Amino acid sequence: GSQVEEETYKAVGHDGNAKDQKQAEECATQLHDLLKKKEDMGYQVLKGNKIEETRPDGINKGSIVKKILDDTSRENIEFVLCVGDDTTDEDMFSQINSEKDIHKRFTVRVGRVSTAAETPVELQEDVGHLL
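Notes on the structure in this doc start here. All values derive from a computational prediction rather than experimental measurement.

What follows is about the overall build of the protein. Along its length, the protein carries 4 helices and 7 strands. Taken from the N to the C terminus, the helices and strands of the protein come in the order β-β-α-β-β-α-β-α-β-β-α. When each of the 131 residues of the protein is scored for burial, the buried share is 35%. Excluding contacts between residues fewer than 6 apart, the proportion of contacts in the protein whose partners are at least 24 apart in sequence is 44%. Approximately 8600 Å² of the protein is accessible, and the part contributed by carbon and sulfur atoms is 50%.

Here we come to the side chain of Thr 107. Checked against the element boundaries, Thr 107 lands in strand E6 (residues 105–110). Only 3.1 Å separates the side chain of Thr 107 from the side chain of Asn 97, close enough to count as a polar contact.

A separate point is helix H2 (residues 61–70). Within the span of H2, buried status applies to Gly 62, Val 65 and Leu 69. One face of H2 carries all of its buried residues, which in axial projection span an arc of 60°. Each element contacted by the buried residues of H2 is listed here: helix H3 (90–98).

On the surface, Phe 79, Leu 81, Val 83, Phe 106 and Leu 131 cluster together into a nonpolar patch covering about 510 Å² of accessible area. With respect to the secondary-structure elements, Val 83 resides in strand E5 (residues 80–84). We classify Val 83 as partly exposed; its relative accessible area is 37%.

Among the 6 residues of E6, 5 are classified as buried, and the element is accordingly described as predominantly covered. One ladder, built from 5 bridges, connects E5 with E6; its direction is parallel. Looking at the pairing, Cys 82 lines up with Thr 107 of E6. Handedness of the E5-H3-E6 crossover: right-handed. As paired elements, E6 and strand E7 (residues 119–121) share 3 bridges and run parallel to each other. Residue pairing for E7: Val 108 is matched across the bridge by Thr 119.

This part covers the side chain of Arg 109. Relative to the helices and strands, Arg 109 is located in strand E6. Here the side chain of Arg 109 touches Glu 90 through a polar contact of 2.6 Å, side chain to side chain. With near-sequence residues (within four places) excluded, Arg 109 lies in contact with Gly 84, Asp 85, Asp 86, Thr 87, Glu 90, Phe 93, Thr 115, Ala 117, Thr 119, Pro 120 and Val 121.

Moving on: the sheet that holds E7. Spatially, 3 strands are ordered E5-E6-E7 in an open sheet, and the strand pairing comes out parallel. The open sheet terminates on both sides in strands that have one partner only, identified here as E5 and E7. Taking each pair of neighbouring strands and ignoring which way they run, the sheet shows an average axis angle of 20°. Against the sheet, H3 contacts E5 and E6, and its axis sits at roughly 160° relative to E6.

Opposite charge on two side chains makes pairing possible when the charged atoms of those side chains draw close. Applying the stated criterion to the full structure yields 8 salt bridges. The partner of Asp 71 in a salt bridge is Lys 67, with the nearest N and O atoms 2.7 Å apart. Exposure remark for Asp 71: the relative accessible area of 54% places this residue in the exposed category. Taking the shortest distance from any N to any O, the salt bridge between Arg 109 and Glu 90 comes out at 2.6 Å. Of this pair, Arg 109 sits in strand E6 while Glu 90 sits in helix H3; the two residues are 19 residues apart in sequence, bridging distant segments of the chain. On the accessibility criterion, Glu 90 (15% relative accessible area) is buried. One salt-bridge network, in which partners are shared between bridges, spans Lys 66, Asp 70, Arg 74, Glu 99 and Asp 101.

The rules behind these values
- Residues numbered from 1 in each chain as written.
- Predicted model: local features only at pLDDT ≥ 70, side-chain atom pairs only at ≥ 80, totals over all residues.
- Heavy atoms only, no water.
- Helix = DSSP H or I, 4+ residues; strand = E, 2+ residues; numbered from the N terminus.
- Buried < 20%, exposed > 50% of the residue type's maximum accessible area, 1.4 Å probe, protein only.
- Contact = heavy atoms within 4.5 Å.
- Areas by Shrake-Rupley, 256 points an atom, 1.4 Å probe, with all protein chains shown as cover.
- Polar contact = N/O pair within 3.5 Å; in protein donor to acceptor, adjacent residues only side chain to side chain.
- Arc of directions from axis to C-beta.
- Patch = residues over 30% accessible without salt bridge, like charges linked within 9 Å, V, L, I, M, F, W, Y side chains within 5 Å.
- Salt bridge = Lys/Arg side-chain N within 4 Å of Asp/Glu carboxyl O.
- Pairing = 2+ DSSP bridges.
- Right-handed = clockwise from strand over helix to strand, strands pointing away.
- Axes fitted to C-alpha atoms, helices over the stretch in contact; angles between N-to-C directions.

As structure tokens, then:
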């Protein structure tokens, strides 16, 4: 069924395993309304692919990638490959794409959606064909 996953810096509500899709959508709506109240306390709420995520402002996959890259000597980076399939990956794609001093960088988004990734693919299996 549906579940809430609490992590150090965020909480995520999952409804992808629910047996009853209508109940899952109702649960997601209730969770979304509850999490939206956190925005006034410095949190951001994202609706992803069968998830709702709340996280502190400024903490996202993009900021984590930036921290990792800032802590790494750029001349030691040969290439960066970034693959994702959810709205929560978009900050990561944007950050990687903004790193102009990393010349070999590849961002790939799985699914038919508008994306910041440089390369959209339809299915997860298509990622293997790119590699």
